[in-house]
Amino acid sequence: MKIIQHPHPNLRKKAKYIEAITPEITTLGQEMLQTLVPNPKNPIGVGLAANQVNKLLRLFIVLLPNKKYTPCLNPLIIKTSKKMLSDLPEKQQFLEGCLSITGYYGFVDRPQKIKVQYQTLAGLTKTAILKPPYSSYFAHELDHLNGVLFIDHLKKSNHHLYKVNKNGQLKPVKNPFS
């Protein structure tokens, strides 16, 4: 599957609720998983939303604490902690990136702990409490389903955007997306 790149308009659209888990939905979930994890020893990222493969459906694949890449249908964040990532010691903070905005990274101040709910491809409803970094992975992918990108959070904050240079080093840059 091809991962679409910013500024593709579908990255800014809200995805539709999945009413029924059809064979097409199951196939989409499996194909997205294969796209994100073509080789178990070398995944290309920690998450992939349906918007990013040009499908406006509430489905994403995300790495969860069990170290498994999990298809999540109709995901929700049902509770958030008041403590934010910026409350953590600096060594425990991390930058986010995006497969649809390659080469750019930035700090997004998200809740440290979230309670989530989603459906599996088998139709089971699951809930989980996620802590960093998994809480950020889940929230980042859920943002995609709502047409929000990590660069939007940077516009609202004073956090820097970084770009990878030719030597593989991160360098602060003026936000070209604002």
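Data block above holds the structure.
Residues numbered from 1 in each chain as written. Predicted model: local features only at pLDDT ≥ 70, side-chain atom pairs only at ≥ 80, totals over all residues. Heavy atoms only, no water.

A. Quick peek at the overall build of the protein chain. Within the protein chain, the regular secondary structure consists of three helices and nine strands. Sequence-ordered secondary structure for the protein chain, helices as α and strands as β, is α-β-β-β-β-β-β-β-α-α-β-β. Taking 178 residues into account, the globule formula puts the C-alpha radius of gyration at 16 Å, and the protein chain, at 16 Å, falls close to it. Once the C-alpha set of the protein chain is aligned to its principal axes, its extents read approximately 45 × 35 × 30 Å. By the burial criterion, 42% of the 178 residues in the protein chain qualify as buried. Considering only contacts within the protein chain whose residues lie at least 6 apart along the sequence, 66% involve residues at least 24 apart. Summed over its atoms, the accessible surface of the protein chain is roughly 9900 Å², and 53% of this surface lies on carbon and sulfur atoms. (Helix = DSSP H or I, 4+ residues; strand = E, 2+ residues; numbered from the N terminus. Rg over C-alpha atoms; globule rule 2.2 N^0.38 Å. Buried < 20%, exposed > 50% of the residue type's maximum accessible area, 1.4 Å probe, protein only. Contact = heavy atoms within 4.5 Å. Areas by Shrake-Rupley, 256 points an atom, 1.4 Å probe, with all protein chains shown as cover.)

B. Just the sheet that holds strand E5 (residues 104–106), in detail. Pairing in this open sheet of four strands is antiparallel, and the strands run E4-E5-E8-E9 from one edge to the other. Where the open sheet ends on each side, the last strands, each with one partner, are strand E4 (96–97) and strand E9 (170–173). (Pairing = 2+ DSSP bridges.)

C. Representation of the packing of aromatic side chains in the model. One pass over the full model with this rule turns up four aromatic pairs. Centre to centre, the rings of Phe60 and Phe138 are 5.0 Å apart; their planes meet at 85 degrees, and the pair counts as edge-to-face. Of this pair, Phe60 sits in strand E2 (residues 59–63) while Phe138 sits in helix H2 (residues 134–145), and the two are 78 residues apart along the sequence. Phe138 carries the same exposure label as Phe60, and that label is buried. (Phe/Tyr/Trp six-rings, centres within 6.5 Å; stacked < 30°, edge-to-face > 60°.)

D. Up close: the state of the cysteines. For the structure on display, the rule yields zero disulfides. No disulfide involves Cys72; its nearest neighbouring cysteine sulfur is the one of Cys98, lying 17 Å away. Overall, Cys72 belongs to the buried group, its relative accessible area being 0%. (Disulfide = S-S within 2.5 Å.)

E. A look at the nonpolar core. Counting residues in hydrophobic clusters, the biggest one holds 31 residues, and the most contacted among them are Met32, Phe60 and Phe138. Among the secondary structure elements, those contributing two or more residues to this core are helix H1 (23–36), strand E1 (47–49), E2, strand E3 (69–80), strand E6 (114–119) and H2. Ignoring sequence-local partners within four residues, the contact set of Met32 consists of Met1, Leu48, Ala49, Ala50, Val53, Leu59, Phe60 and Ile61. Counting residues in each nonpolar core, the second largest holds twelve residues, with Ile4, Cys98, Tyr104 and Ile151 among its members. (Core = buried A, V, L, I, M, F, W, Y, C linked by side-chain atoms within 4.5 Å.)

F. Just a nonpolar patch on the surface, in detail. There is a patch of nonpolar side chains on the surface, built from Leu95, Val164 and Leu170 and spanning about 200 Å² of accessible area. Assessed through its relative accessible area of 34%, Leu95 is described here as partly exposed. (Patch = residues over 30% accessible without salt bridge, like charges linked within 9 Å, V, L, I, M, F, W, Y side chains within 5 Å. Salt bridge = Lys/Arg side-chain N within 4 Å of Asp/Glu carboxyl O.)

G. Representation of the pairing of E6 in the model. On E6, burial follows the alternation: Ile114, Val116 and Tyr118 on one face are buried, whereas Lys115, Gln117 and Gln119 on the facing-out side are not. Of the pairings in the sheet, the one linking E6 to strand E7 (residues 125–130) comprises six bridges and is antiparallel in character. What sits directly across from Gln119, in E7, is Thr125. Between E6 and the antiparallel strand that follows it, E7, lie five residues; Gly123 among them carries a positive phi value of about 90 degrees.

H. Local environment of the sheet that holds E7. Pairing is antiparallel across the open sheet formed by five strands, whose spatial order is E1-E2-E3-E6-E7. At either margin of the open sheet sits one strand with a lone partner, and together these are E1 and E7. Neighbour-to-neighbour, the strand axes of this sheet turn through a mean angle of 40 degrees, independent of strand direction. Against the sheet, H1 engages E1, E2 and E3, with an angle of about 40 degrees to E2. Running over the sheet, H2 touches E1, E2, E3, E6 and E7 and is turned about 165 degrees from E2. (Axes fitted to C-alpha atoms, helices over the stretch in contact; angles between N-to-C directions.)

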